[in-house]
Structures are given as structure tokens and as C-alpha cells.
Amino acid sequence: MPSLTNAAVEARVPPAGCRAVAHSNIALAKYWGKRDIERNLPDVPSLSLTLAALSTTTRVRFDPDARADEVTLNGAPADAGAAAKVSALLDRVRATAGLGWRARVTSDNDFPTASGLASSASGFAALALAALGAAGLSWAPPAVSALARASSVSAARSVFGGFVALEAGASEAAPAAAAEAASALRMVIAVTETGPKKVGSTQGMLGTQRTSPYYEAWRSAAPRIYTELRAALAGGEFERVGDAMEHSTLCMHATMLAATPALIYWNPQTLAVTSRVRELRASGAFAYFTMDAGPHVKVLTLADQAERVRRELEAVPGVHRVIVSAAGGAARLEGAA
Ligand code: DP6
């Protein structure tokens, strides 16, 4: 680490720090599995939609008087695990910037964190952008995406808006040109449980990779599903997009179910919502489901059907709340913290 008194380096550091906002994203073609655990590279390609309704605001200030990184998440001190992941990202930024100062970090979600909705994607994308700005560095989006990906693979995708692709083994995500589809579609999220998720995605996927007899089948199916979904999206064939999306989540969960110990993220309400989605579809609505490392169900629909889908999902017993989201934009720096 260079000297703390390196005046040239410190002169670049904005005294007030920087604030960044990033949106969460939901994968239509799922990432589950690591090609390189050390470097945190994905084993399969994924494709996501960035969501306007779920965002994280993160403030970072490098402070010559701070003795250690100080991390506050949603108003409370971060637990040791989360704080260590934040410091690891800050260390990468400090090493490139030649900066020795510790940082004060606050991060707040505009959606209930206790609902168990993914916050690491938006969180690490916002942290990457805010930390670079606070260190006086200005990186192009692909480099910001690679920095976020090193902390959490799905965060690489939250650096960009709309539909975003991340290839197998890739360092950074890239926008998947589908602007018309992004404005035509909505994601309707049925929250089926409160409280944080039981097995984190990193731990869950490493266990799946190590023990599931179906992991190799997933590894060969996932790229085909991704290619099918991408082609359907490019052609504006939304039913094909929906079919591929459901196939992706069901293949991923089948692989998890076969792990030891079995990884079962669903609860009874999860299945109740998926049944309602299939009934809706049978009655002519456009509605397709996807689930991640938790019991909530995200339903892809068209803008003009989103209110109907919302009402239908709210009526499913055990659904706590429903959030409707349009496509969100890229992560952005908002200036001083
Ligand atoms: C099911 O990106 O949270 O949401 O790289 O270990 O931090 P790490 O995992 P993470 O996994 C997300 C898994 C998923 C599918 C997806 O978002 O593609």
C-alpha cells in the first residue's frame, strides 16, 4: 500500500465522498454455479432485466481519520460477513487508486430488506460506482461491472439498464439490445415470506455444484436456454421468452433439489402463485414465473396486463405484498455523498 501522505493521490479524493444509485435485477436466464471460485466467474451465461422499482443508494467517503472501514446497511452496522465483502471491494479500489484511507459507507434500499428480496446485486453495483467516484477514479461501465462482479456475479448486471447479458466465464456484463421489449414488459413480484433468506446464494450454489448429480446437466442446458431466450427477445417473441424463462428457473431449482443437503427455496405460497400464473395463462393472459434463491415469485407480463396480474397475485392466500416494476436504467453516480 502506498504512503498515506501521498498528496497527489489524496488531492483526487473528493472530501465529501460520492453517492451512487443502482437498481436490482431479476435473471430470466439464470446464473447458478461458478467457473472460477477464486475470481468469482460464472459457469453459465445469464440474462436479466434491471428493475426500476427496487434500488439501492450507497454513499462512500474515504476518510483520513477513520481507523477501519465503517459500514452501515439500512441504518444498522453491517454484520461481519457483509462488512468483509464491502472491505474487499474497497481494497481493490484502494489498490488501483494508490489510496490507504479507510472509508465510511452507508447503503440503503428503497424496498424492504427483511422481505428477502435480493439486495446484493443493486448493493454491490452501487458500491462499486460510489467507491470509484470517492477514490477519484472514473471507469467505463464494463470495468465498473467487472469490479461489482468480483463481489457478486449478479451485481455485474445491475451496472446496466434494461436487458443485460453476462456470458459464461465473462468478467463483465453488457447490455442486450432489446429496448422495445424492455418498455413493453413488466415484472410483478409476489412477496411470499418475510425475513431474510435461509441459505445465501453463494453457499447454495457451491453446495449444488459439489453435490448435485444434475449439476452437469444444468451446465449443458443453461447455455442453450440462454441462447433461445436471447433470440426470442431479439425477435420480440415474448411467449418464447416466457417459456425459456420458466424452463431456466425450473431447471435451476431441479438441480438444487437434487443437492445434498437438498436446497429447497420454495414454500407452499410459491407453488400457489405459480399455479395461479399457469391458470392466468390458460385464460389468455401473458404471465410467466421465475424464482431465485428464495420463495418469492417474479412474474413477467405486459405493461397493459400488469394491474390485472397484480390483483390476481394479491388474492393468493399467503402473499404478503406485490410490487410491480418497469425496466430500470443503468447505475448512476449522483454526486457528493
Ligand atoms: C438465483 O449473484 O447472489 O439470483 O456471485 O455468489 O454473489 P454470488 O451469487 P449471486 O447469485 C444469484 C443467483 C440467482 C440467479 C441470477 O441472478 O442469475
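Please refer to the structure higher up on the page.
Attention here is on the structure that accompanies the text. Just so we're clear, the structure is a prediction, and the values are computed from it rather than from any experiment.

**A few points about the sheet that holds strand 13 (residues 321-325)**
Read from one edge to the other, the open sheet built from 4 strands follows the order 11-12-10-13, with strand pairing classed as antiparallel. Of all the strands in the sheet, the pair left with one neighbour each is strand 11 (287-290) and strand 13. Ignoring strand direction, the axes of neighbouring strands in this sheet form an average angle of 25°. Of the strand pairs in this sheet, strand 10 (residues 185-191) and strand 12 (residues 297-302) are connected by 6 bridges, and their pairing is antiparallel. Bridging across to strand 12, Val188 finds its partner in Val299. Across the face of the sheet, helix 11 (residues 306-314) comes into contact with strand 10, strand 12 and strand 13 while running at roughly 10° to strand 10.

**Thoughts on the packing of aromatic side chains**
Taken as a whole, this structure holds 3 aromatic pairs when the rule is applied. On the numbers, 6.5 Å between centres and 70° between planes, the contact of Phe238 with Phe286 is edge-to-face. One end of the pair, Phe238, is in helix 9 (residues 238-257); the other, Phe286, is in the loop between helix 10 (268-282) and strand 11, with 48 residues separating them in the sequence. As far as burial versus exposure is concerned, Phe238 and Phe286 are alike and both buried. Here the aromatic residues Phe238, Phe286 and Tyr288 are joined through ring pairs into a cluster of three or more.

About the cut-offs
- Residues numbered from 1 in each chain as written.
- Predicted model: local features only at pLDDT ≥ 70, side-chain atom pairs only at ≥ 80, totals over all residues.
- Heavy atoms only, no water.
- Pairing = 2+ DSSP bridges.
- Helix = DSSP H or I, 4+ residues; strand = E, 2+ residues; numbered from the N terminus.
- Axes fitted to C-alpha atoms, helices over the stretch in contact; angles between N-to-C directions.
- Contact = heavy atoms within 4.5 Å.
- Phe/Tyr/Trp six-rings, centres within 6.5 Å; stacked < 30°, edge-to-face > 60°.
- Buried < 20%, exposed > 50% of the residue type's maximum accessible area, 1.4 Å probe, protein only.

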